[in-house]
Amino acid sequence: MPDSAGELDKATARQSGNWATGTGRVARHSVGLALFVSELSVLYRRRRTWAMLAALAAVPILIAVAVRVTNSTRQSGRGPQFLDQITQNGLFVAVTALVVSIPLFLPLTVGVVAGDTIAGEASHGTLRYLLVAPAGRVRLLIVKYVGAAAFCVCATLVVVVTGVGIGLALFPVGPVTLLSGDTIGFSESIVRLLLITAFVTVSLLGLSAIGLFISTLTDVPVGAMAATIVLSVVSQVLGALPQLDWLHPWLFSHYWLSFADLLRQPIAWESFGANALLQLGYIAVFGALAYGRFLTRDVLS
Amino acid sequence: MSAEPPGPWPGDVTRSAGDLAIETRGLTKRFGHQAAVDQIDLAVPRGSVFGFLGPNGSGKTTTIRMLLGLASASSGQIRVLGSEMPSEFHDVLPRVGALVEGPAFYPFLSGAANLHRLDTADRQAPSATRDARVAESLERVGLAHAAGKRVGAYSLGMKQRLGIANAILRPRELLMLDEPTNGLDPQGTREVRSLIRSLSGDGTTVFVSSHLLAEIEQICTHAAVMSTGRLVAQGTIDQLRSRGETRVRVRTPDLPSARVVLGSLGLSVDEVARERGEQIRSGEDEFVTAAVGVLDVRAEDIVAALVAGGVRVRGFVVDEGSLEDQFVALTGEGFDVAG
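Every value quoted in this text rests on a predicted model; they were computed, and no experiment measured them. (Residues numbered from 1 in each chain as written. Chains lettered and ligands numbered in written order. Predicted model: local features only at pLDDT ≥ 70, side-chain atom pairs only at ≥ 80, totals over all residues. Heavy atoms only, no water.)

Trainee: What's the story with the overall build of chain B in this structure? I'm lost.
Mentor: When helices and strands are counted, chain B shows 11 helices and 16 strands. Within chain B, the proportion of its 339 residues that are buried is 52%. Contacts spanning at least 24 positions in sequence make up 69% of the contacts within chain B whose residues lie at least 6 apart. As displayed, chain B offers around 14500 Å² of accessible surface, 50% of which is attributable to carbon and sulfur atoms. (Helix = DSSP H or I, 4+ residues; strand = E, 2+ residues; numbered from the N terminus. Buried < 20%, exposed > 50% of the residue type's maximum accessible area, 1.4 Å probe, protein only. Contact = heavy atoms within 4.5 Å. Areas by Shrake-Rupley, 256 points an atom, 1.4 Å probe, with all protein chains shown as cover.)

Trainee: Even after reading the chapter, I still don't get the nonpolar core, so can you show me in this structure?
Mentor: The nonpolar side chains of soluble globular proteins are, as a tendency, buried together. Residues L68, L174, M176 and F207 of chain B are the most contacted members of the largest nonpolar core, which totals 160 residues. The dominant element in this core, judged by the number of residues it contributes, is helix 8 (residues 137–170) of chain A, at 14 residues. Leave out the neighbours within four places in its chain, and L174 of chain B touches A21, I22, V80, L81, R95, V96, G97, T204, T205 and F207 of chain B. Ranked by size, the runner-up nonpolar core spans 13 residues in total, among them V250, A258, V292 and L306 of chain B. (Core = buried A, V, L, I, M, F, W, Y, C linked by side-chain atoms within 4.5 Å.)

Trainee: Quick question: what am I supposed to make of a nonpolar patch on the surface here?
Mentor: On the surface, L104, F105, L108, V233, V237 and L241 of chain A cluster together into a nonpolar patch covering about 450 Å² of accessible area. Only helix 6 (105–124) and helix 10 (221–240) of chain A provide two or more residues apiece to the nonpolar patch. (Patch = residues over 30% accessible without salt bridge, like charges linked within 9 Å, V, L, I, M, F, W, Y side chains within 5 Å. Salt bridge = Lys/Arg side-chain N within 4 Å of Asp/Glu carboxyl O.)

Trainee: Quick question: what am I supposed to make of the confidence of the model for chain A here?
Mentor: In regions of low pLDDT, the predicted coordinates are not meant to be interpreted in detail. Confidence along chain A averages 86 in pLDDT terms, with 87% of residues attaining 70 or more. Ranking the elements of chain A by mean pLDDT puts helix 1 (residues 2–16) of chain A last, at 39, and helix 10 of chain A first, at 96. (pLDDT = per-residue confidence, 0-100.)

Trainee: Would you mind going over the side chain of K29 of chain B with me for this structure?
Mentor: Within the secondary structure, K29 of chain B is located in strand 1 (residues 20–31). Given a relative accessible area of 5%, K29 of chain B falls into the buried group. In contact with K29 of chain B, other than residues within four places in its own chain, are D298 of chain A together with Q34, A35, A36, V37, T62, M66, S72 and S74 of chain B.

Trainee: Even after reading the chapter, I still don't get the packing of aromatic side chains, so can you show me in this structure?
Mentor: How two aromatic rings sit relative to each other is set out by the distance from centre to centre and by the angle between their planes. All names here are of chain A. Under the definition given, this model contains 11 aromatic pairs over all chains. Between F213 and F286 the ring centres are 6.0 Å apart and the planes differ by 55 degrees, which places this aromatic pair in the tilted class. In this pair, F213 sits in helix 9 (residues 186–217) while F286 sits in helix 11 (residues 270–296), placing the two residues 73 residues apart along the sequence. Neither F213 nor F286 differs from the other in exposure class; each is buried. Across from the ring centre of F294, 5.8 Å away, lies the NZ or CZ of R137, which sits over that ring. (Phe/Tyr/Trp six-rings, centres within 6.5 Å; stacked < 30°, edge-to-face > 60°. Lys NZ or Arg CZ within 6 Å of the ring centre and 35° of its normal.)

Trainee: Explain the pairing of strand 1 of chain B to me, please; I cannot follow it from the model alone.
Mentor: On a regular strand, each side chain points to the face opposite its neighbour's, so the side chains alternate between the two faces of the sheet. Residues and elements named next belong to chain B. Most of strand 1 is tucked away, with nine of its 12 residues classed as buried. The pairing of strand 1 with strand 3 (residues 43–45) spans three bridges and is antiparallel. Within strand 3, the position partnered with E23 by the bridge is A43. When strand 1 meets strand 5 (residues 75–80), the two strands line up antiparallel, connected through five bridges. Bridge pairing in strand 5 places E23 opposite R79. Remark: two residues form the turn of the hairpin made by strand 1 and strand 2 (residues 34–40), two consecutive strands paired antiparallel; G32 in that turn has positive phi of roughly 70 degrees. (Pairing = 2+ DSSP bridges.)

Trainee: Mind showing me how you'd approach the packing of helix 3 (residues 33–44) of chain A against helix 3 (residues 111–121) of chain B here?
Mentor: Each pair of packed helices can be described by the angle between their axes along with the distance between the axes. Two elements in contact, helix 3 of chain A and helix 3 of chain B, have axes separated by 8 Å at closest approach and are oriented at 145 degrees. Helix-helix and strand crossings are classified by hand; for helix 3 of chain A and helix 3 of chain B the assignment is left-handed. Contact residues: helix 3 of chain A offers A34, L35, S38, E39 and V42 of chain A, while helix 3 of chain B offers R117, T120 and A121 of chain B. Tallied by class, the residues present in the contact of helix 3 of chain A with helix 3 of chain B amount to four nonpolar, two polar and two charged. (Axes fitted to C-alpha atoms, helices over the stretch in contact; angles between N-to-C directions. Left-handed = near helix turned anticlockwise from the far one by under 90°. Nonpolar A, V, L, I, M, F, W, Y, C, P; charged D, E, K, R; others polar.)

Trainee: Help me out: how do you make sense of the pattern of salt bridges in this one?
Mentor: Pairs can form between side chains of opposite charge once their charged atoms are near each other. Counting across every chain of the model gives 25 salt bridges over all chains. Among the ionic pairs, D116 of chain A bridges to R48 of chain A, the shortest N-O distance being 2.9 Å. Placement of D116 of chain A in helix 6 and of R48 of chain A in helix 4 (residues 47–69) is noted, with a sequence separation of 68 residues between them. Under the relative-accessibility criterion, D116 of chain A is labelled buried at 13%. Note on R48 of chain A: relative accessible area 28%, which makes it partly exposed. Salt-bridge contacts for R95 of chain B lead to D91 of chain B; the nearest nitrogen and oxygen are separated by 3.7 Å. Take D91 of chain B: its relative accessible area is 40%, and that puts it in the partly exposed class. When salt bridges with common partners are traced through the structure, they connect E39, E121 and K144 of chain A together with R117 of chain B into a single cluster.

Trainee: How should the interface of chain B and chain A be read in this particular structure?
Mentor: Think of interface size as the accessible area that goes away when the parts come together; that is how it is often given. Each partner contributes residues to the interface: chain B has 43 residues there, and chain A has 36 residues. For the pair chain B and chain A, the summed buried area comes to about 3500 Å², and 61% of that belongs to carbon and sulfur atoms. Contact with chain A buries surface across chain B, with L70, R117 and R123 of chain B losing the most and accounting together for 21% of the total. Where chain B touches chain A, the interface holds three salt bridges. The partner of D298 of chain A in a salt bridge is K29 of chain B, and the shortest N-O contact between them spans 2.4 Å. (Buried area = accessible area lost by both parts, 1.4 Å probe.)

Trainee: Please clarify how the pairing of strand 11 (residues 230–236) of chain B should be interpreted in this entry.
Mentor: Residues and elements named next belong to chain B. Inspection of the sheet shows strand 10 (residues 222–227) paired to strand 11 by six bridges, in the antiparallel sense. Residue pairing for strand 11: V225 is matched across the bridge by A233. What sits between the antiparallel neighbours strand 10 and strand 11 is a turn of two residues, in which T228 has the positive phi angle 40 degrees.

Trainee: Honestly, the side chain of K144 of chain A in this entry has me stumped. Any pointers?
Mentor: Counting through the fold element by element, K144 of chain A comes out in helix 8. Relative accessible area serves as the criterion here: at 4%, K144 of chain A is assigned to the buried category. Engagement of the side chain of K144 of chain A in a polar contact is seen with the side chain of E39 of chain A, the distance being 3.0 Å. Here the side chain of K144 of chain A touches T117 of chain A through a polar contact of 3.3 Å, landing on its backbone oxygen. When sequence neighbours within four positions are dropped, the list of residues in contact with K144 of chain A reads E39, T117, I118, E121 and L212 of chain A together with R117 of chain B. (Polar contact = N/O pair within 3.5 Å; in protein donor to acceptor, adjacent residues only side chain to side chain.)

Trainee: Help me understand the environment of L106 of chain A, please; the structure alone is not making it clear to me.
Mentor: Residue and element names in this part refer to chain A. Along the chain, the position of L106 falls in helix 6. Residue classification places L106 among the buried residues on the basis of a relative accessible area of 0%. Separated by 94 residues in sequence, L106 and V200 have C-alpha atoms that sit 9.4 Å apart. Those residues in contact with L106, other than ones at most four positions away along the chain, are L56, L98, S101, A155, T156, V200 and L204.

Right, here's the structure in full:
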């Protein structure tokens, strides 16, 4: 209904040529989808974005090739979780790649995208033109955050899809043995991989919100990116100190490696729920901070 | 402000708000203790081409940022196109095209893609006509040939044109152009002037800031002058010009009698002729200049008196004073000196 009414108004506006009043009614129906599509197209027309995705895709490829060319039967028990299962089942390349990527590579790329959201526009000077257009500050902030979240999905998917692809190419694929000892078939294991993708994506949303907030504080995108990435490292370091046990459940990186719970039978959903709640908390807090900062800020860049 | 009665706009009794495209009352912006913009009352009539003049650093851009809602005012009120800014920005800004402190674009996108991007930010801009409007806008500023080229490879002048193209993506009621001729060659400057003329001819109010008076003097109907954060003059170009002194300049071989006649009419004759880009002496002729001052003497009467006094008048010029002189007097410095 809103769409058809919008189309109608656009048509009226074109016919009458009365922009001031005709398009004013369109505004009430428009949700800003065009700006979001444009946001994604700007993001994916940057070479930097593709370089980061290529680097993420290289992780599973490196793992798979390394396991394939070295003695493929040796099971040392060292190295990242799930590494030893790769030779029996190629799908574990994707899982191992996530284990390797989530402490650094994924937060790095997410930090770059989230840190760039507002500060990047400010440094190009395009922030003032977006606001004068007028994009509306709240709307721009939301579009920017949703864009960063879309990148989280994309980055995780790149690791998983490349991992599955190279795993299928280099290793046998059969029933997957879960952590609980049960065995599931191929299609069931793809479903589990998608669940893991969702889990990891959700895990990165809190960090994205922090990046968005830091990005509203500065006109220097590199500073915002670096600060976001540093925070992700600090959070993990704090998470590794047993003395700070009380703090651990509050760290946004607390559940980052808990996606293994999705490889049990039945699935242990508790960590999924707890993680989602924790990330929502971070989104609420840092979203509010970003809102408070960005709404009152003088755009002088 | 608080003492004013609640109403649409204090002081509206004398004039309906519809007359003015931009109106500010006591607009002030302080950075720390320093007032970058100090209590300015701008009044930009609808349909005018309004020159906003002042040296670099006099507060022009800060004022424009406040008018567009980019920066908040420390105190004072702003009304643009009849609505309060910044509270009613979604109503005002779609009707305003702006070029603020130079053009700014994504260097990795083409000119057309940049315009496309900025147009999506305006939720009132109809997507159905977007491509056509982008193409038309690029055509209008002479960038159609470079539409697909990355902006990173544009020259400063091309970026400036693209900035103007962005401002006119949709028909606007008001254009705010901050230093629109920066980085343009003389030909580009002429093109911008003629573009402004044609937009103004369509009924658009154009608010154009510059530190180079000569560039906009010829197209403006109104002007305001800023100096160190204050508005030191405002009015029509003729009003501003008439603040200057009218002088007459006589070319004659009979210098002494010319001086006597001019003096007897009450004009204050200069000891040495004021030079205006010409030499003081031309062949056997010499020049004498005199200020008319507040006298109500008509030029033809001065000439008649000179001829009657036996002065061989070989040239007679009435010089109403240049705007430039006015502005230098008002701002206390040349126009390209940082204030």
